[in-house]
Structures are given as C-alpha cells and as structure tokens.
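Analysis of the macromolecular model
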Amino acid sequence: DAGVIQSPRHEVTEMGQEVTLRCKPISGHNSLFWYRQTMMRGLELLIYFNNNVPIDDSGMPEDRFSAKMPNASFSTLKIQPSEPRDSAVYFCASSVAGGALSYNEQFFGPGTRLTVL
Amino acid sequence: KQEVTQIPAALSVPEGENLVLNCSFTDSAIYNLQWFRQDPGKGLTSLLLIQSSQREQTSGRLNASLDKSSGRSTLYIAASQPGDSATYLCAVGAGGTSYGKLTFGQGTILTVHP
C-alpha cells in the first residue's frame, strides 16, 4: 500500500516567489495534517482538515500561508510570497478519525525540504 | 497549552543495552500518545500508539507505557542494536474540541554503537 505521498521532495526558490506543496493522503483516511519542522522550533502543526474541511488553522504563521483540500485525495499548502525564514521541512500526515474503531494514529509522508534563498 | 518534554535530549549506548526514553506532558486530558522514529533526512515512522485508556503497548523489542495521571510515558527498547540509532519523538494527542491535534516533544537522539 502506498503511504502518504508528498511532492516535490525538494524545492529551492527565491524570496518572493510562490511555492506550492502537494500531499496525497492514504486512501480511506479522513483527516489530513500539515506540519513544519525546523531545528529551532521542532515539529509544529500548521493546519488540519477533517473530511476535507479545515478544522484548526491556528498554527499557520501568517496570511502568506494558505492550505486547501479540494477532495479526499489531495491537499496543497501554498506560501505566497515566500521568505527565507520559511525554509524548513514540511510534512503531511493522515489518519482515520472518528468512529468506534478510530485510533487516530497519524502516518507521515517523507516531507518536502524547502529552501528559500 | 500542552507542553511535551523528552529526556534525555541525547543518549549514546553500546549495542545490547536495554534503555528507557522518557516523555512528560503538562495536561493529562489526552486522547492518545504516539511514539515515532525519525531517521536523518527522513519522515516520521509510527512505532507505537497508546490510547488514553491503556497502560502500555508492545511491538517486538519496544514497549511503551503511559501514566496519564502523572503525565508521563516511557519507551523501553530491549537489546538495542546499531539500527535503532535515530531520533525518537513523543507526541501527545488532544481530545475534545482539539481532537486529532498532536503536540510533539523535541525528541531524543539515540546512538547505539557496535
């Protein structure tokens, strides 16, 4: 079975450019999470969706960040305009939430390493 | 606000030793607790998930315990091997209106040398 798929795996861009990160969750999972990992701050939750609906975006750092989930199999995280301090590894994770057999175990993708010059 | 602390920050042991990694959290109203492993430059691999109603979970050489009332969890690794070298992360899952949110500790960097 394919796990969580993220693209691109690496992205190098210049300050001011728009960056779009993509995620395909595990089939059948109904919750999707976007995280950012840096040496200074560790792993931080940016936003999460349940059944394609954004539930909590309190971790999104600024209005420059936006996320969408148009359907159950695809989500994007967009940064516009990008800044050097956005350089980090961005992870997407998915889980099954809700229901009697839900344990909400999160499974992570391989991440996208973003470098903003 | 939930805060998660992992001790020690780094640990170096010879192959074959049994070891314990510690995780503490400030708010005991949790839904679950998950232990992950992260290899350098890689994503997170889920190792064990403990529901709030459980005391422990085991998988192979790994055993995780949970004491919700005292806000602590431990990950026990038996007969450590060089392949166990990685960063181990503890994450606490929230319930209620924050259901699904994980708060991570800073991790324990484990090195097992031959």
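Turning our attention to the overall build of chain B. A tally of helices and strands in chain B yields zero helices and 11 strands. Reading the secondary structure of chain B in the N-to-C direction produces β-β-β-β-β-β-β-β-β-β-β. The C-alpha radius of gyration computed for chain B amounts to 14 Å, which stays within 12% of the reference 13 Å derived for 114 residues, consistent with globular compactness. Taking the principal axes of its C-alpha atoms as reference, chain B extends roughly 45 × 30 × 20 Å. Per-residue burial for chain B yields a buried fraction of 42% across its 114 residues. Summarising the internal contacts of chain B: among those between residues at least 6 apart in sequence, 54% fall at separations of at least 24. Taken as a whole, chain B presents about 5,300 Å² of accessible surface, with 50% of it coming from carbon and sulfur.

Glancing now at the interface of chain A and chain B. With 23 residues of chain A at the interface, the matching set in chain B holds 21 residues. Taking both sides of the interface into account, the surface hidden between chain A and chain B amounts to around 1,600 Å²; carbon and sulfur atoms contribute 50%. The tally of links from chain A across to chain B stands at four residue pairs in polar contact (both at pLDDT 80 or more). Where the side of chain A that touches chain B is concerned, the elements lending two or more residues are strand 4 (31-38) and strand 5 (42-50) of chain A. At four residues, the largest contribution of residues to the side of chain A that touches chain B is made by strand 5 of chain A. Of the residues belonging to the side of chain A that touches chain B, the class tally is 11 nonpolar, eight polar and four charged.

Residue and element names in this part refer to chain A. If you walk across this open sheet you meet the four strands as 1-3-8-7, and the pairing is antiparallel. Looking at strand neighbours, the two that pair on one side only are strand 1 (5-7) and strand 7 (65-71), the edges of this open sheet. Across the sheet, the axes of successive neighbouring strands diverge by a mean angle of 15°, strand direction being ignored. In the sheet, strand 1 pairs with strand 3 (residues 19-24) via three bridges, with the strands oriented antiparallel. Bridged to Ile 5 within strand 3 is Lys 24.

The next subject is the pairing of strand 1 (residues 4-7) of chain B. All names here are of chain B. Only one face of strand 1 is covered, namely the face carrying Val 4 and Gln 6; the face carrying Thr 5 and Ile 7 is uncovered. Taken together, the four bridges between strand 1 and strand 3 (residues 19-25) define a ladder with antiparallel strand orientation. For Thr 5, the partnering residue across the bridge sits in strand 3 and is Ser 24.

Looking now at the pattern of salt bridges. Opposite charge on two side chains permits pairing when their charged atoms draw close. Residues and elements named next belong to chain A. What the rule picks out here adds up to 11 salt bridges over all chains. Measuring nitrogen to oxygen at the nearest pair gives 2.7 Å for the salt bridge that ties Arg 64 to Asp 86. Taken together, the residues Arg 64 in the loop between strand 6 (53-56) and strand 7 and Asp 86 in the loop between strand 8 (74-79) and strand 9 (88-95) connect sequence positions 22 residues apart. Like Arg 64, the residue Asp 86 is buried in the burial classification. One salt-bridge network, held together by shared partners, links Glu 62, Arg 64, Glu 83, Arg 85 and Asp 86.

The subject of this paragraph is the environment of Glu 17 of chain B. Locating Glu 17 of chain B in the fold gives a position in the loop between strand 2 (10-14) and strand 3. Look past the residues within four positions of Glu 17 of chain B in its chain and what remains in contact with it is Ile 77, Ala 78, Ala 79 and Ser 80 of chain B.

Another aspect to go through is unusual backbone geometry. With glycine set apart, most residues show a phi of negative sign, and most peptide bonds adopt trans. Of note, the bond from Gln 80 of chain A into Pro 81 of chain A is cis; its omega dihedral lies within 30 degrees of zero at -5°. Locating Pro 81 of chain A in the fold gives a position in the loop between strand 8 and strand 9. The omega angle of the peptide bond from Ile 7 of chain B to Pro 8 of chain B is 0°, so this bond is cis rather than trans. When you line up the elements, Pro 8 of chain B lands in the loop between strand 1 and strand 2. We note that Asn 51 of chain A has phi near 50°; this positive angle belongs to a residue other than glycine. Take Asn 51 of chain A: it is sitting in the loop between strand 5 and strand 6.

Procedures and definitions
- Residues numbered from 1 in each chain as written.
- Chains lettered and ligands numbered in written order.
- Predicted model: local features only at pLDDT ≥ 70, side-chain atom pairs only at ≥ 80, totals over all residues.
- Heavy atoms only, no water.
- Helix = DSSP H or I, 4+ residues; strand = E, 2+ residues; numbered from the N terminus.
- Rg over C-alpha atoms; globule rule 2.2 N^0.38 Å.
- Buried < 20%, exposed > 50% of the residue type's maximum accessible area, 1.4 Å probe, protein only.
- Contact = heavy atoms within 4.5 Å.
- Areas by Shrake-Rupley, 256 points an atom, 1.4 Å probe, with all protein chains shown as cover.
- Buried area = accessible area lost by both parts, 1.4 Å probe.
- Polar contact = N/O pair within 3.5 Å; in protein donor to acceptor, adjacent residues only side chain to side chain.
- Nonpolar A, V, L, I, M, F, W, Y, C, P; charged D, E, K, R; others polar.
- Pairing = 2+ DSSP bridges.
- Axes fitted to C-alpha atoms, helices over the stretch in contact; angles between N-to-C directions.
- Salt bridge = Lys/Arg side-chain N within 4 Å of Asp/Glu carboxyl O.

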